[in-house]
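# Summary of the model geometry
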Amino acid sequence: MPEQATEVTAAGIARLAGVGRAAVSNWRRRHADFPKPVGGTETSPSFALPEVEQWLCDQGKLAEVPLRERVWQQVAGHPEGAVTALTHTGCALLLVRDRPTAWLELTAVSDERMAGVLPHAMEEVLGARLGPDTEARARSGGPVPSGRAVAPVLTGSDTPAGRLSDGSPVAGSPAGDAGSVHSPSAVHTARAVPTPSTDALLPSVPLLRAAAELAAGIGAGQTFEFLLGRQLDANPRQYTLTPPGLAELMAALAETGKDTDQPGGRRPVRSVLDPAAGTGTLLRAVAGPAELLAQEVDPALAALTALRLALHGDGSPRSTPARTVRGGDALRADAFPQLAADTVLCHPPFNDRNWGHDELAYDPRWEYGFPARTESELAWVQHALARLRTGGTAVLLMPPAAASRRSGRRIRADLLRRGALRAVIALPAGAAPPYGIPLHLWVLRKPGGELRPVPELLLVDTTDPVGPGTATGTQTSGGRDRPDWPAVHAAVLDAWRDRADHPGVSRVVPVIELLDDDVDLAPARHLPRPAAGGGAAGLEDVRERLADTLRLTADLTPPPAELSAPAHRPLTTVGELARAGALLLRTGTGTAPRTDTGTTPVLTEHDVLAGTAPSGTPAPPPTGAPGTPAPDDLVLLEPGDVVVPVLGAGSVARVVDEATAGAVLGRNLQLLRPDPAAIDPWFLAGFLRGTANHRQASSYASTAARLDARRLQLPRLPLAEQQRYGEQFRALAAFEDALRTAGRLGGQLVRGMYDGLTDGTVTPR
């Protein structure tokens, strides 16, 4: 094996071959010639990628390794780590996109020669996109644009501790003035992406050549998004991510709205700051031309964010507004102390007790009060306001406790009195990590100048959407990290534009009502849910619908059963029928084409169990995956399809009707598409629901059962006999739907009566 060959884990081998990890384990046991581990651990070994590829090809299990998989494996197996590999790849992709002719000339030489000339070429494109590398100039003795070079040293708390090049101490360091807590801008003029050296680039040259080849097919920006997405997916606990749907909502709130201070609707965003940028998702969601500024405490992540923003869009450096990314802790060492941005978007770290409480006691940013040690989020709120121009908008993602903790009530009160806090929006659980709680969005405007404080606060609650599609109490959420974002966007943006009362969704509350001892701003405290059934006025309608449904249920009640001896019929399995071509088996992913605008509904596992209309929203293609998913990955429902859950849902099967056709098949669902000339769909669905049949086709893990649809059994019957059974099964399904509807309406009527009697809108008889 050559030195520094790329290594791959069992999971990577499974991805290459398009199989599960269990198949890879079987290959290792059954084939003596399977490549031996070259690294990793006993429980998680790694293998040489060239050896694995050769073995897969020899066994006929892999015709050719997909290029994007080959590139990713080179990134994952880079000797200096995946982050370094991504940084080098991003620099090369910038060169590929901005100077394609120069790149072709560079690739015509040997790897060693290419590594020798790449740094100069990369510095040119990095300087054009992200500004000059002032730290490198300072080390080499060259001029620094800011006038004074800096040699900062970061302490364990990321606080700069060093001296300027003229010998004066850095403000905020132990040697500096104790009363000054901001570092001068020169401390942060270092570019987030330093130019890689020749020695550092040499091991990366094969990767850079392969990445450029991939970029020729899907584009430089999509290539970097794919590789970065794979890195984020492979290390989910290492990064706190902002979901794209949430980022788009925050950016839209900053750009859109009818406000008493600034009539006229939309205002173009000119400069946008994210002081806790993470992977840069919030800034990528900003629409239209805008100057993007970011700060991130993790220098490696800051470099990836800078490259991501630079590769976003196809404009030339001259026509594209600046992208400025700096490293460091924005609270302790602000990189933009003189900035007056139009917009601040921020997803700050939550519950951070080490945010700088002791050393920042006299910071001028605490205009609304000095935050307690436990109120790091309120420190970020005031930092955002300090970096806005007068009338500028800030949107921050906040934990719900920040709206009600007693330790922050004085700051919240001052934000209200001065008109800085304009809206508090409760999001549905699952909008962002931590997924188990409904997070809040705070919308703020910097007061001052001719702007008069607005004596009211908009409260919006989308934690449990209630509307025409959810009147029966069913959830429309797509699950963890999958809220119904189109519905949430519509509800939030409509409330923000109108600033009006919408029962159960939004309310404009006078500030004077909120300035009590607690200053509790949680929307749930001031925005009670509407009574079930539309309140007392709608209870009569619910009662009439329930009565109609009960009459229908009585009409659909099956006649007395005709008993007979157990039938002994020849059986076949779904797997045998699939191999014979009598039906098609597909597994759902919930994924829609990238061109989908979010209007295609998804039939979820909950919809199948509850018998409701498709309520999910399409998931985007796998994170970072370029282009549109392959046609085989897209499963759109057709009339006559039979859908069964695969995870511990009991004996359930649903026949797709005309109203459900066209929806996307969701995750944890399996589709059986019978040939109507051979199998009746209702006959198929009915026999799949047999308890004994379902039991023999299920396997049991420690916590759940999993259905193997291929093992489900059917009797061999002529089509005419199948249709006779099918009519009976169809009638049972209609009876079951009527019972389910009656249960929903009955529960709605009971809840409405309880609510009406307790709030006084209904009087006892």
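Worth saying up front: this structure is predicted, and the values here are computed from it rather than measured.

Now for the overall build of the protein. Per the secondary structure count, the protein includes 25 helices and 24 strands. Of the contacts formed within the protein by residues at least 6 apart in sequence, a portion of 73% connects residues at least 24 apart.

Our focus in this paragraph is the environment of Arg 716. Here Arg 716 lies in the loop between strand 24 (713-715) and helix 25 (719-759). For Arg 716, the residues in contact, after removing those within four places along its chain, are Pro 570, Leu 571, Thr 572 and Glu 576.

As a further point, take the side chain of His 357. Tracing the sequence through the fold places His 357 in the loop between strand 9 (341-346) and helix 15 (376-386). Within the structure, the side chain of His 357 is placed 3.4 Å from the side chain of Asp 358, a separation counted as a polar contact. Residues in contact with His 357, not counting those within four places in the same chain, are Phe 370, Pro 371, Ala 372 and Arg 373.

Moving on, we get to the pattern of salt bridges. This model, assessed by the stated rule, comprises 33 salt bridges. In this structure, the salt-bridge partner of Arg 230 is Glu 69, at a minimum N-O distance of 2.7 Å. Of the two residues, Arg 230 is situated in helix 11 (residues 220-234) and Glu 69 in helix 4 (residues 67-76); the sequence distance between them amounts to 161 residues. Here Arg 230 matches Glu 69 in class, with each residue buried. For the salt bridge of Glu 123 with Arg 191, the shortest nitrogen-to-oxygen distance reads 2.9 Å. Here Glu 123, found in helix 7 (residues 111-130), pairs with Arg 191, found in the loop between strand 5 (163-164) and helix 9 (198-201); they are 68 residues apart in sequence, far enough to count as distant. In the salt-bridge network here, residues are joined through shared partners; they are Arg 689, Glu 736, Asp 737 and Arg 740.

Mean pLDDT over the protein works out to 82, with 81% of the residues at or above the 70 mark. Here strand 5 stands out as the element of the protein with the lowest mean pLDDT, 32, in contrast to helix 15, whose mean of 97 is the highest.

This part takes up the packing of aromatic side chains. If you walk through the whole model with that rule in mind, you get 10 aromatic pairs. Counting every residue linked through ring pairs, the aromatic cluster contains Trp 27, Phe 34, Phe 47 and Trp 55.

Take unusual backbone geometry next. Backbone torsion omega between Pro 433 and Pro 434 reads -5 degrees, so that peptide bond is classified as cis. Along the chain, Pro 434 turns up in the loop between strand 11 (421-426) and strand 12 (440-445). Phi is positive for Asn 351, close to 55 degrees, though the residue is something other than glycine. Of note in the backbone geometry, Asn 668 takes a positive phi value of approximately 65 degrees without being a glycine. Position of Asn 668 among the secondary structure elements: in the loop between strand 20 (664-665) and strand 21 (669-674).

Turning our eyes to something else, we now look at the side chain of His 489. The residue His 489 is located in helix 17 (residues 485-498) in this model. Beyond its immediate stretch of four places on either side in the chain, His 489 contacts Gly 245, Glu 248, Leu 249 and Asp 494.

For Pro 434, a relative accessible area of 41% gives the class partly exposed. The spatial distance from the C-alpha of Pro 434 to the C-alpha of Thr 240 is 9.2 Å, given a sequence separation of 194 residues. Sequence-distant contacts of Pro 434, defined by excluding residues within four places in its chain, comprise Phe 350 and Leu 439.

With 13 residues, helix 14 (residues 299-311) should cover 18 Å at 1.5 Å per step; its first-to-last C-alpha distance of 18 Å lies within 8% of that length. By the criterion of burial, helix 14 is predominantly enclosed, with 11 of the 13 residues buried. Where helix 14 is concerned, the buried positions are Leu 301, Ala 302, Ala 303, Leu 304, Thr 305, Ala 306, Leu 307, Arg 308, Leu 309, Ala 310 and Leu 311. Along its buried surface, helix 14 packs onto helix 5 (82-98), helix 7, helix 11, helix 13 (281-284), strand 7 (291-296) and strand 8 (323-327). A side-chain oxygen of the first residue of helix 14 lies 3.1 Å from the backbone nitrogen of Ala 300; this N-cap is Asp 298. Phi turns positive, to about 95 degrees, at Gly 313, one or two residues after helix 14.

Spatially, 9 strands are ordered 8-7-6-9-10-12-11-13-14 in an open sheet, and the strand pairing comes out mixed. The two strands at the open ends of the sheet, each matched to only one other strand, are strand 8 and strand 14 (506-510). Recorded for the sheet is a direction-independent mean angle of 15 degrees between the axes of neighbouring strands. Relative to strand 8, strand 7 runs parallel, the two sharing 5 bridges. Counted as the bridge partner of Leu 292 is Arg 323 from strand 8. With respect to the sheet, helix 17 is in contact with strand 11, strand 12, strand 13 (456-461) and strand 14, its orientation differing from that of strand 13 by roughly 165 degrees.

What follows concerns the packing of helix 5 against helix 10 (residues 205-218). Look at helix 5 against helix 10: their axes get within 9 Å of each other, and the N-to-C directions meet at 50 degrees. What the angle tells us is that helix 5 and helix 10 run oblique. The chirality of how helix 5 crosses helix 10 is right-handed. Mapping the contact onto sequence places Ala 85, His 88, Thr 89, Ala 92, Leu 93 and Val 96 in helix 5 and Leu 207, Leu 208, Ala 211, Ala 212 and Ala 215 in helix 10. Residues that form the contact of helix 5 with helix 10 fall into these classes: 9 nonpolar, 2 polar and no charged.

Each value, and the rule that gives it
- Residues numbered from 1 in each chain as written.
- Predicted model: local features only at pLDDT ≥ 70, side-chain atom pairs only at ≥ 80, totals over all residues.
- Heavy atoms only, no water.
- Helix = DSSP H or I, 4+ residues; strand = E, 2+ residues; numbered from the N terminus.
- Contact = heavy atoms within 4.5 Å.
- Polar contact = N/O pair within 3.5 Å; in protein donor to acceptor, adjacent residues only side chain to side chain.
- Salt bridge = Lys/Arg side-chain N within 4 Å of Asp/Glu carboxyl O.
- Buried < 20%, exposed > 50% of the residue type's maximum accessible area, 1.4 Å probe, protein only.
- pLDDT = per-residue confidence, 0-100.
- Phe/Tyr/Trp six-rings, centres within 6.5 Å; stacked < 30°, edge-to-face > 60°.
- Expected span 1.5 Å × (residues − 1).
- Pairing = 2+ DSSP bridges.
- Axes fitted to C-alpha atoms, helices over the stretch in contact; angles between N-to-C directions.
- Parallel < 35°, antiparallel > 145°, perpendicular 65-115°, else oblique.
- Left-handed = near helix turned anticlockwise from the far one by under 90°.
- Nonpolar A, V, L, I, M, F, W, Y, C, P; charged D, E, K, R; others polar.

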